[in-house]
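# Structural overview
Here's the letter readout for the chains.
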Amino acid sequence: MVLRWLPGKVADIRVETPTSRTIVFDVPDWAGHLAGQHIDVRLTAEDGYSVQRSYSLAAPADEDRIEILVQKVTDGEVSPFLVDDLLPDDVIELRGPIGGWFTWEPSLGKPVSLVAGGSGIVPLMAMIRARTQAGSDAGFKLLYSVRGPADEYYAEELGKHGIEVTTIYTRSESPSGRPPGRIRPEDLSVLWPADAGARTYVCGPTGFVEAAAQALVDQGHDPGTIRTERFGPSGG
Amino acid sequence: MSIVTRGFRGRRDSAPDLPPGQYLTRDFPVLSAGPTPRIKQDDWQFTITNEAGDKHTWTWRDLLALPSEQPTVDIHCVTKWSKLQTSWQGVSLDTFFEAVDTGADYAVVRSYGGYTTNLPVEDLVDGKAWLVYRYEGDDLHPEHGGPVRLLVPHLYFWKSAKWVKGLELSDDEQPGFWETLGYHNYGDPWREQRYSGD
Ligand SMILES: Cc1cc2nc3c(=O)[nH]c(=O)nc-3n(C[C@H](O)[C@H](O)[C@H](O)COP(=O)(O)OP(=O)(O)OC[C@H]3O[C@@H](n4cnc5c(N)ncnc54)[C@H](O)[C@@H]3O)c2cc1C
């Protein structure tokens, strides 16, 4: 298997929040992917200077059509370009799917807890959408931590998948009345308990993933049932 | 030939010679497949098993008693970040191999928490690899692989297994965790061997 660079033509760009965009690509001969996998994107300047970054696939493939969600990182090299400068019909190079561990398939046959920090929701959204598409009745519970209502990706859609969603805000009071603050061990009580036989996926910035995964282990979850993906060094 | 991206210039940090597709970071990002295992120094052990099945084990105290080195090296993660001039303290793998009778060509590295990775023995010897227990003058933090991790800086950093607990030597090559999940078997950053087939 060779992962070749493929031309991805921008088919659609949707505003998710003021600082993030869903970008939809048409990729001829896309081979398909599992929920949770990512792609590498390569941008190349006129003089050949090029950079690469990874972005999670946000939804199951629709034939040759795939989508990602990019959050603009201040002073970033790639994400501000993708969010502010990319236009429909632009062609950029990408390759994938990549990553065979942080994935969910309907055949898993277990309840699932999802824990997302900020843009860490993206691969988990792919799992939620894949579950709906497959008509799976796997019990999904999502705990989603974001700065505040303005930073909540997929806010409208999340309520429509028939799964339990709990949103907490780090910088303002949460809908439940929870005071502002980063994820705390007691927040995890909305997820499947340690003895439910569930698998847990945790995705977000490193500090968030460390805190959530450690709290789950402290609460008796078998580390072997927890799969993590870390997006970046810092942030929400 | 790559496709030029309309309007893209790039930031171009005073880029030193980085392997292709890598960018410079000043942070120390973390990549792990699961929760961080917490291993106490006094519980830590490292075992080399040779191709005949003979085992040689070192404890934390044994490790500290061995002659240490302070390598300063550049590291390159397959998720694209590189970090230059990182400084470590640890023991050269050559020192461990002196105690082991082997002619094996391949090694599987095992970690606490179940992680594995594979590499040729020749990439572990002749001053190319260490078991490190200090980073930038401090004990190595659990997120970064403490109490002890492998350091093999000339390969992508997933080969530098965190929470290392052993090496199994054999005449046949057995792919490790990421290597069975589509990542490259060898992982040379200068040849951009990220994924299987690169
Ligand atoms: C497997 C994987 C999947 C990913 N999926 C997504 C995704 O679905 N959506 C998405 O938006 N991003 C995702 N990322 C992060 C993405 O690859 C880039 O790191 C991010 O877009 C920043 O790139 P940049 O070039 O804009 O910033 P850079 O130029 O690389 O960094 C600029 C500054 O921001 C800091 N920084 C870098 N990344 C982050 C971050 N994530 N949060 C806060 N600060 C940061 C850097 O340390 C630096 O100081 C993923 C990363 C990985 C490894």
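Residues numbered from 1 in each chain as written. Chains lettered and ligands numbered in written order. Predicted model: local features only at pLDDT ≥ 70, side-chain atom pairs only at ≥ 80, totals over all residues. Heavy atoms only, no water.

As recorded by an unreviewed UniProt entry, chain B carries the name Molybdopterin binding domain-containing oxidoreductase and is attributed to Kibdelosporangium persicum.

Operational definition: UniProt positions are given in the numbering used here, feature names are shortened, and annotations may be inferred rather than shown by experiment.
Chain A goes by Oxidoreductase FAD-binding subunit in an unreviewed UniProt entry, where it is assigned to Kibdelosporangium persicum. Here is the UniProt Cofactor (unreviewed entry) comment for chain A, exactly as written: "FAD".

## Observations regarding helix α2 (residues 121–134) of chain A
All names here are of chain A. The test is simple: Runs of E in the DSSP output that reach at least two residues are strands. Runs of H or I that reach at least four are helices, and both are numbered from the N terminus. Given the number of residues in a helix, its expected span is that number minus one, multiplied by 1.5 Å. Summary of the burial criterion: residues with accessible area below 20% of their type's maximum are buried, those above 50% are exposed, and those between are partly exposed, where the area comes from a 1.4 Å probe applied to protein chains only. Any pair of residues with heavy atoms lying within 4.5 Å of one another is described as a contacting pair.
Compared with the 20 Å implied by 1.5 Å per residue over 14 residues, the 20 Å span of α2 between its first and last C-alpha is a close match. For α2, the buried fraction is high: eleven of the 14 residues fall into the buried class. Of all the residues in α2, the buried ones are Ile121, Val122, Pro123, Leu124, Met125, Ala126, Met127, Ile128, Arg129, Ala130 and Arg131. The inward-facing, buried residues of α2 abut β4 (50–56), β5 (65–71), β7 (112–117), β8 (140–146), α3 (155–158) and β10 (199–204). Positive phi appears at glycine 135, one or two residues downstream of α2, with a value of about 65°.

## Section: the sheet that holds strand β11 (residues 226–230) of chain A
Residues and elements named next belong to chain A. Cut-off, in case you're wondering: At least two bridges found by DSSP between two strands is the condition for calling them paired. Each axis is a line fitted through C-alpha atoms, taken for helices only over the stretch in contact, and angles between the N-to-C directions span 0 to 180 degrees.
What the five strands build is an open sheet, ordered β9-β8-β7-β10-β11; its pairing is parallel. What marks the edges here is a single partner per strand, and that holds for β9 (164–169) and β11. Neighbour-to-neighbour, the strand axes of this sheet turn through a mean angle of 10°, independent of strand direction. In terms of strand pairing, β7 meets β8 through six bridges, oriented parallel. Counterpart to serine 113 in the pairing with β8 is lysine 141. In the packing of α2 onto the sheet, contacts are made with β7, β8 and β10, and the angle to β7 comes to roughly 145°. Sitting on the sheet, helix α4 (residues 206–218) is in contact with β7, β8, β10 and β11, with an inclination near 155° to β10.

## Things to note about the pattern of salt bridges
Residue and element names in this part refer to chain B. Note the cut-off: Salt bridge, as used here: a side-chain nitrogen of Lys or Arg that lies within 4 Å of a carboxyl oxygen of Asp or Glu.
If you walk through the whole model with that rule in mind, you get 22 salt bridges over all chains. Close ionic contact of lysine 159 with glutamate 179 constitutes a salt bridge, the shortest N to O distance being 2.7 Å. In this pair, lysine 159 sits in the loop between β10 (149–151) and β11 (164–170) while glutamate 179 sits in the segment after β11, placing the two residues 20 residues apart along the sequence. Note on lysine 159: relative accessible area 0%, which makes it buried.

## Regarding the domain arrangement of chain A
All names here are of chain A. Filter applied, for reference: All domain edges in this entry derive from an automatic or database-based domain assignment. By buried area we mean how much accessible surface two parts lose on assembly, using a 1.4 Å probe and totalling the loss over both. Counting of polar contacts relies on pairs of N or O atoms within 3.5 Å, with two restrictions inside protein: one atom must be capable of donating a hydrogen and the other of accepting it, and residues adjacent in sequence are counted only when both atoms are side-chain atoms.
According to the domain assignment, chain A contains domain 1 (6–98) and domain 2 (106–231). Computed from C-alpha atoms alone, the centre-to-centre distance between domain 1 and domain 2 is 24 Å. Taken together, the contacts link 15 residues of domain 1 with 16 residues of domain 2. Taken together, both faces of the contact between domain 1 and domain 2 bury some 1,200 Å²; the carbon and sulfur share is 60%. There are one salt bridge connecting domain 1 and domain 2. Inspection of the domain 1/domain 2 interface yields four residue pairs in polar contact (both at pLDDT 80 or more). Secondary structure elements with two or more residues in the side of domain 1 that touches domain 2: β1 (6–17), β2 (20–26) and β5.

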